[in-house]
Amino acid sequence: MSTSSRYPFTAIVGQDDLRLALLLNAVSPAVGGVLVRGEKGTAKSTAVRALAALLPPVRTVEGCRFSCDPAAPDPGCPDGPHPADGPGGERAARMVELPVGASEDRLVGALDIERALAEGVKAFEPGLLADAHRGILYVDEVNLLHDHLIDLLLDAAAMGASYVEREGVSVRHAARFLLVGTMNPEEGELRPQLLDRFGLTVEVAASREPDQRVEVVRRRLAFEDDPAAFAGRWSGEEAGLRERVAAARALLPRIRLGDGALRRIAAVCAAFEVDGMRGDLVMARTATALAAWAGRTEVAVEDVRQAALLALPHRRRRNPFDAPGLDEEKLDEVLRDAAADDPEDEPPTPPEGQAPGEPGGGDDDGPGPDGGGGGRPDPGDGAGDGSGGLPPQRTEDSGAPAPEDAPEALTGAEPGESGGGTPRPASAEQRAVAAGEPFRTKVLSVPGLGAGAAGRRSRARTEHGRTTGATRPEGALTKLHLTATVRAAAPHQRARGRSGRGLVVRRDDLRQATREGREGNLVLFVVDASGSMAARRRMGAVKGAVLSLLLDAYQRRDKVGLVTFRGREAEVALPPTSSVDAAAARLQALPTGGRTPLAAGLLKAHDVLRVERLRDATRRPLLVVVTDGRATGGPEPVALAGRAARLHAAEATASVVVDCETGPVRLGLAGELARELRGTAVTLDELRAEALTGLVKDVTDHHRARRAA
């Protein structure tokens, strides 16, 4: 992308934390990259692409595909060895983009297995990691990237090198880059282990100030009308910011990180119970980069505070439904206590030419003409919300549970429901109740062998897993089955004129390994929210069970959807998505009351699954119906529910009915529904993994037993 067609970094309006985090990584790539979380349309991708123009040019060895530095070439470079101080050229820093659908070979590079076997030559085609060396590697929608690709990416970022191994043939090359990932949390979260591998994280949201929104639109339209002219108007600011980045890089080795600052960092990480030591290291590097960016030679208290706000929020998650964040009042209290315990605390050394007590030179300057966003935000700035400049946390649809001391609403219990007293109107709606405590659930899986996206639930043919056989490759060979290849080539050696020790291998001999692993499924929850479920204790237990299944789906990398039914109809509370925490929020806010249109819920689920099969035929569904089995409302509700269930059975949809019926007298209606679905029924107690091991809940085994019968 040419400079004139790239939106200028200094022209971005607002997004102070995002710009600061990117600039700190430009100053010190050792910070470890940035994860940008936020809603769509908030300049995440624009800011990352614009950053490349601010990086200094890169000197490379002529003809080296791995961008070796002529002054210090990589001794293990596949294109080497290179002579020290050999001829070199200069190019702009690259911004390499990793597509969500990229293959492993596209990321790390590919070995020509045929030449390796026949000629003993390590013929290696570099991947995106090699292209990004000494530049920026940008992953848009990183949360949608396959887990094994994220693991490879983060391993390379941590080690500064990429390793490619295929059947005993290995290649290593340097891979040091500034890693930037963006994601929309509504589309699914990253695992906490992967979150921890990103140095910094920032939350971005669109401004709610009309004047700022007007300025965003005005600048964007001007850029689209004439990109070159727009870039020219901002060239002065871009050059100034580029010089400031270079100056901060030059100052970085002279920054002093004193014992007082280190004690504050350790105190903050300990107070917030940050796991491991990566948080401490990232905070130290970030605070040092902040001091260099401000033009100081010593890390100050405000640097430690800002470093904590950028480096620790995503390391505070203890389970998938925790939102990243940091309690700033607690942070300030910890910093005050650490300062009181440090008798040798000294004021920071001011920059050259600046008297003690004067404002920091450069702290108030920004990359844009309005002076905001580029420098370290003042802890007191935050638009008056006390957030220290961090974007406000979203609270819509938070699904906060009702307080326990709230007055009881009408339950809408149906005739026959125990409760002692006159039944209340069935049309009444009870406010949402809190979910019970989640627990570890039994493993539910889909029968047969699938071929869907990699996950951890059901058996499937995958690129990773145990080898189960061999086949002729369709297209490029990715996983060689060595034994099968040798067996295919062995009978033809005499006819091919073999005379030495080497094996004469041709392309027709190559065999692809077939592997079996696990796939992620579409888990569609159909939840009964009718009056018969409205007893406070029962609905809390039901929500706790569904929350537990959602947690299990998150860990197994499933997509989830939520259908609810009550009153006269069913609705799709959440279309199928990878955002399990969004499903948890909808579940928490789910009210109850009214009749039980079970047939409507099953038919709505059938419609959802029909559409999803058209969108992704390889992702197999698992239907989880949470109900007591009752069906009321309309003519022949029980017969209608039975016919709706048989629609799912006719399409061989794997089904589980979670029986929520409680009390000494049970009608067994959920079991009847499971038989109509040709699925299995489990009680809430049997759903727990701690239940008796003899209670087998694997849907595969149940389907086999049904078919055998």
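Above this text sits the structure in question.
From a predicted model like this one, the values you see are computed outputs, not experimental measurements.

K.L.:
I'd like to hear about empty space enclosed by the protein, residue by residue, with values.
P.N.:
Taken as a whole and judged by the stated rule, the model has three cavities of 30 Å³ or more. Lining the largest cavity, in full, are Leu522, Lys559, Leu609, Glu612, Arg613, Asp616, Arg619 and Pro621. Considering each element in turn, the lining of the largest cavity owes the most residues, three residues, to helix α18 (residues 598-615). Of the residues that constitute the lining of the largest cavity, the class distribution is three nonpolar, no polar and five charged. Of the pockets and cavities examined, the second largest cavity occupies roughly 50 Å³. Taken together, Leu444, Arg457, Val523, Phe525, Leu549, Asp552, Ala553, Leu622 and Val624 make up the lining of the second largest cavity. Put simply, the parts of the chain that give the lining of the second largest cavity at least two residues each are β15 (522-528), α16 (536-555) and β18 (621-627). If you tally residues by element for the lining of the second largest cavity, the top one is α16, at three residues.

K.L.:
I'd like a rundown of the sheet that holds strand β11 (residues 200-204), residues and numbers included.
P.N.:
Spatial strand order, β4-β7-β10-β1-β11: five strands in an open sheet with parallel pairing. Two strands close off the open sheet at either side, each with one partner strand: β4 (95-97) and β11. Each adjacent strand pair in this sheet contributes to an overall mean axis angle of 20°, direction not counted. Across three bridges, β4 lies against strand β7 (residues 136-140) in parallel orientation. In the strand pairing of β7, Val96 is matched with Leu137.

K.L.:
Could you give me a rundown of the packing of helix α13 (residues 301-311) against helix α14 (residues 328-340), with the residues and numbers involved?
P.N.:
One can describe the packing of α13 onto α14 by two numbers: an axis separation of 11 Å at closest approach and a directional angle of 145°. When you trace α13 past α14, the crossing you get is right-handed. For the pair α13 and α14, contact is made by Val304, Arg305, Ala308 and Leu309 and by Glu328, Leu331, Asp332 and Leu335, respectively. Looking at side-chain class alone, the contact of α13 with α14 contains five nonpolar, no polar and three charged residues.

K.L.:
Could you give an account of the pattern of salt bridges, with specific residues and numbers?
P.N.:
According to the stated counting rule, one finds 29 salt bridges in the structure shown. Between Asp74 and Arg172 there is a salt bridge; the shortest N-O distance is 3.1 Å. With Asp74 in the loop between β2 (58-61) and β3 (88-91) and Arg172 in strand β9 (residues 169-174), this pair connects stretches of sequence that are 98 residues apart. Given a relative accessible area of 30%, Arg172 falls into the partly exposed group. Two residues, Asp332 and Arg305, come together in a salt bridge whose shortest N-O distance is 2.7 Å. Highlighted residues: Asp332 in helix α14 and Arg305 in helix α13, separated in sequence by 27 residues. Arg305 sits in the buried class, given a relative accessible area of 10%. Here the salt bridges share partners, and the residues they tie into one network are Arg457, Asp552, Arg556 and Asp558.

Procedures and definitions
- Residues numbered from 1 in each chain as written.
- Predicted model: local features only at pLDDT ≥ 70, side-chain atom pairs only at ≥ 80, totals over all residues.
- Heavy atoms only, no water.
- 1 Å grid on protein atoms, 1.4 Å probe; cavity = no way out; pocket = protein on both sides within 12 Å on 5 of 7 lines; lining within 4 Å.
- Points joined across faces, edges and corners; volume = space filled by probe spheres on them.
- Helix = DSSP H or I, 4+ residues; strand = E, 2+ residues; numbered from the N terminus.
- Nonpolar A, V, L, I, M, F, W, Y, C, P; charged D, E, K, R; others polar.
- Pairing = 2+ DSSP bridges.
- Axes fitted to C-alpha atoms, helices over the stretch in contact; angles between N-to-C directions.
- Left-handed = near helix turned anticlockwise from the far one by under 90°.
- Contact = heavy atoms within 4.5 Å.
- Salt bridge = Lys/Arg side-chain N within 4 Å of Asp/Glu carboxyl O.
- Buried < 20%, exposed > 50% of the residue type's maximum accessible area, 1.4 Å probe, protein only.

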